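The lines below spell out each chain.
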Amino acid sequence: MLTNYHVVQDYAELSDGDEGTLTVASPGHLDKPVKAKIIKTDPVTDMALLKLDKEIDAQPVTFANAKDNQIVYTIGFPKNSAGELVLLDEDFPSTYNTIAKSRVFNSQDSDVPGKKGIGSIVKSVAQGNSGGPVLDQNNRVIGMMTFVYGGRTYYITSKTLQSFIKESATPAKKQVVVAGKVAN
C-alpha cells in the first residue's frame, strides 16, 4: 500500500525508525482495520510504502500518465475543521467530497521550489485526502495527492510512484569488506 510520508510520519519516526506498525482501514470494510508495517519512506518526495499483515479484497491498479486539462477524480477521507472524519451528506460543503471531479492544471508542475515529479489539479481538496489516488476517466492511477498550495492540489506523478515502488522491490546491496576494502 502506498501513501504519503506525512500521513504516517508519527509512526515512521518512532524509536524503531521505519519499523513502526500502524492500523489502516480496509477498503469496503472500514469496521475491520488491517495492521500494516512501514517498509520504506522518503520524506523528500513525501512517499511511504506499507506492507499489510493480510490480504485485502482489492483490484490491482493500472498506472497512466497525466495530460494537461484532462478530467480526473480524487478519492480521500477528508476531515472537518475539528479534525474528525467527515461522513458525507447534503449538509457538508462541496469541498468535503470523498470523490471529487477536477481537471489537471499542469501534468509536470515545477513552480514549487524543491519539488520534482509532481503535477497539479485546478481546485484544492479538503485536508485528509493526502495519500489518496488521482484517477483518470478509465480508473487508472495518474498520481497520489500530496499537498495543497495556492488554490491547487499537488500530486506525485505516476512515474515517480512507480519508480519508488520498483526501488522498494529491489533488494539493497550490502557492503562487503574484503581484505580491508569495501566492495559493493
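If you're wondering where the values come from, they're calculated on a predicted model, not measured in any experiment.

About the thresholds
Residues numbered from 1 in each chain as written. Predicted model: local features only at pLDDT ≥ 70, side-chain atom pairs only at ≥ 80, totals over all residues. Heavy atoms only, no water. Helix = DSSP H or I, 4+ residues; strand = E, 2+ residues; numbered from the N terminus. Contact = heavy atoms within 4.5 Å. Buried < 20%, exposed > 50% of the residue type's maximum accessible area, 1.4 Å probe, protein only. Salt bridge = Lys/Arg side-chain N within 4 Å of Asp/Glu carboxyl O. Core = buried A, V, L, I, M, F, W, Y, C linked by side-chain atoms within 4.5 Å. pLDDT = per-residue confidence, 0-100. Expected span 1.5 Å × (residues − 1). Arc of directions from axis to C-beta.

J.: Any chance you could break down the environment of Leu-161 for me, citing the residues and the numbers?
T.: Tracing the backbone through its elements, the reader meets Leu-161 in helix H2 (residues 158-169). Linking Leu-161 and Thr-3, residues 158 residues apart in sequence, is a C-alpha distance of 9.9 Å. Other than its neighbours up to four places away in sequence, Leu-161 contacts Leu-2, Met-47, Phe-63, Val-141, Gly-143, Met-144 and Ile-156.

J.: An account of unusual backbone geometry is requested, with residue identities and associated values reported.
T.: A positive phi is found at Asp-46, a non-glycine position, where the angle reads about 65°. By the element assignment, Asp-46 lies in the loop between strand E3 (29-42) and strand E4 (47-52). By relative accessible area, Asp-46 is classed as buried at 8%. Unlike most non-glycine residues, Asn-69 shows phi in positive territory, near 75°.

J.: Let's hear about the pattern of salt bridges: which residues, and what values?
T.: Enumeration over the complete set of coordinates arrives at three salt bridges. For Arg-152, the salt bridge identified is with Asp-109, shortest N-O distance 3.1 Å. Here Asp-109 lies in strand E6 (residues 99-109) and Arg-152 lies in strand E10 (residues 152-157), a separation of 43 residues in the sequence. As far as the burial class goes, Arg-152 and Asp-109 line up, both buried. Between Arg-140 and Asp-136 there is a salt bridge, and its shortest N-O distance comes to 2.7 Å. Owing to a relative accessible area of 31%, Arg-140 belongs among the partly exposed residues under this scheme. Overall, the relative accessible area of 2% leaves Asp-136 in the buried class.

J.: Kindly report on the nonpolar core, identifying the contributing residues and their values.
T.: Core analysis: the largest hydrophobic core is formed by ten residues, namely Ala-64, Ala-66, Val-72, Val-104, Ile-121, Val-125, Val-134, Ile-142, Met-145 and Tyr-155. Beyond its immediate chain neighbours, meaning those up to four positions away, Val-72 contacts Ala-100, Lys-101, Ser-102, Arg-103, Val-104, Ile-121, Val-134, Leu-135 and Ile-142.

J.: An account of the confidence of the model for the protein is needed here, citing residue identities and associated values.
T.: Here the protein averages 76 in pLDDT, while 69% of its residues score no lower than 70. Element-level pLDDT for the protein is lowest in strand E12 (residues 181-183), with a mean of 53, against a maximum mean of 91 in H2. Across residues 86-97 the pLDDT falls below 50, and counting only partners more than four positions away or on other chains, this stretch makes 17 contacts in the model.

J.: Lay out the environment of Pro-33 with the relevant residues and their values.
T.: Tracing the sequence through the fold places Pro-33 in strand E3. Sequence separation of Pro-33 and Thr-23 is ten residues, and the distance between their C-alpha atoms is 6.1 Å.

J.: Please set out H2 residue by residue, giving values where relevant.
T.: Taking 1.5 Å of rise per residue, the twelve residues of H2 would be expected to cover 16 Å, and the 17 Å separating its terminal C-alpha atoms lies within 8% of that figure. All of the buried residues in H2 are Ser-158, Thr-160, Leu-161 and Phe-164. Axial view of H2: buried residues confined to an arc of 165°, hence all on one face. Within H2, the exposed residues directed more than 90 degrees away from the buried face are Lys-159, Lys-166, Glu-167 and Ala-169.

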